[in-house]
Amino acid sequence: MVRNLGEATATAPVGVVPPPGVDVPSAVRGHRSGWRDPRLWVGVVLVAVSVVVGSRTLAAADDTVQVWAAAADLGVGQRVEAEDLVVQWVRFADRSALAGYFAVADRLPPDLELVRAVGAGELLPRRAVGEPDQSGRVEVPVAVEPELIPPSIQPGAVVDVYVVAPLGAAAAPAQGPTPVPAPEGPALAEVTVVDAPELASSFGTSGKRQLVLAVPAEDVAAFFARLARYDAPSLTIVRRG
């Protein structure tokens, strides 16, 4: 009898003795429901933020388009070829702005000629190109001593052309000493090199190198008239920029 009472009191609250023969259930510690745990809600918020950020990132990536850009400096009057361009991924804040440039998805029109200079890496604007007769420039070949051309000259370079040679007999006075001519400005200023063949493929026999320049049509006659003042005109090329 004492043993049963001791066993019953072992599970009863302190200070309370249950009646004989009555089983008292063990006490159960109270706990908070899982859905009320703040850690659960913090996790839900983090997952939601990740989903929103990821969806916005993907949406922004989907807005990028491939657009043609200049691979190097391109000058006025230069023909635009495929090798002159590179592809850039661009996202326009205003989608309508894409209409002002050449997208890679569109066919690039043939026989494009620059009507204004385009720098390396700059997107190719539609307003910067036109038909060959719209630039107002014509191609003029010149022969230059190799040592009078900067080694960095290549298509797209913008140059000045100077004449460095004594005046011809027709330009000198009939009597008296030959005067020292006053310094003259460039015979051609800010013209674009549209072609620069290597020496072996240009004037190999004369030892001179050929350059093809895009010259304003209205300046061509004055250029050749100036060359005619010299018995043996020699040209020097000065690169701008």
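Residues numbered from 1 in each chain as written. Predicted model: local features only at pLDDT ≥ 70, side-chain atom pairs only at ≥ 80, totals over all residues. Heavy atoms only, no water.

Engineer: I'm lost on the pairing of strand S1 (residues 65-70) in this one. Help?
Structural biologist: Each regular strand carries side chains that alternate between the two faces of the sheet. Counting buried positions along S1 gives 5 out of 6 residues, so the element sits mostly inside the fold. Of the strand pairs in this sheet, S1 and strand S3 (residues 85-90) are connected by 6 bridges, and their pairing is antiparallel. Counterpart to Ala69 in the pairing with S3 is Val86. (Buried < 20%, exposed > 50% of the residue type's maximum accessible area, 1.4 Å probe, protein only. Helix = DSSP H or I, 4+ residues; strand = E, 2+ residues; numbered from the N terminus. Pairing = 2+ DSSP bridges.)

Engineer: I tried to follow a negative patch on the surface on my own but got confused; where do I start?
Structural biologist: Taken together, the side chains of Glu81, Glu83, Asp111, Glu131 and Asp133 present a region of like negative charge at the surface. With respect to the helices, strands and loops of the structure, Glu83 is situated in the loop between strand S2 (79-80) and S3. For Glu83, a relative accessible area of 63% puts it in the exposed group. (Patch = residues over 30% accessible without salt bridge, like charges linked within 9 Å, V, L, I, M, F, W, Y side chains within 5 Å. Areas by Shrake-Rupley, 256 points an atom, 1.4 Å probe, with all protein chains shown as cover. Salt bridge = Lys/Arg side-chain N within 4 Å of Asp/Glu carboxyl O. Lys, Arg positive; Asp, Glu negative; His and termini not counted. Charge placed at Lys NZ, Arg CZ, Asp CG, Glu CD.)

Engineer: Please explain the sheet that holds S2 as it appears in this structure.
Structural biologist: Strand pairs in the sheet, formed through backbone hydrogen bonds, run parallel or antiparallel to each other. Spatial ordering of the open sheet is given by S2-S4-S5, a layout of 3 strands whose pairing is antiparallel. Edge positions in the sheet fall to S2 and strand S5 (129-130), since each has one partner strand and no second. Two strands pair when backbone bridges link them, and strand S4 (residues 112-114) and S5 are joined in this way by 2 bridges, in the antiparallel orientation. Following the sheet pairing, Leu114 is matched in S5 by Val129.

Engineer: Help me understand unusual backbone geometry in this model?
Structural biologist: Among all residues except glycine, the phi angle is most often negative; among peptide bonds, the trans geometry is most common. A positive phi angle, near 55°, is found at Asp111, a position not held by glycine. As for its position among the elements, Asp111 is in the loop between S3 and S4. Positive phi outside glycine occurs at Glu190, with the angle close to 55°.

Engineer: I tried to follow the environment of Val67 on my own but got confused; where do I start?
Structural biologist: As for its position among the elements, Val67 is in strand S1. According to the relative accessible area criterion, Val67 is buried, its value standing at 0%. As for Val67 and Leu98, which are separated by 31 residues in sequence, their C-alpha atoms are 8.5 Å apart. Discounting residues that sit within four places of it in the chain, Val67 has contacts with Val86, Val87, Gln88, Val90, Phe92, Leu98, Tyr101, Phe102, Ala103, Val104 and Leu123. (Contact = heavy atoms within 4.5 Å.)

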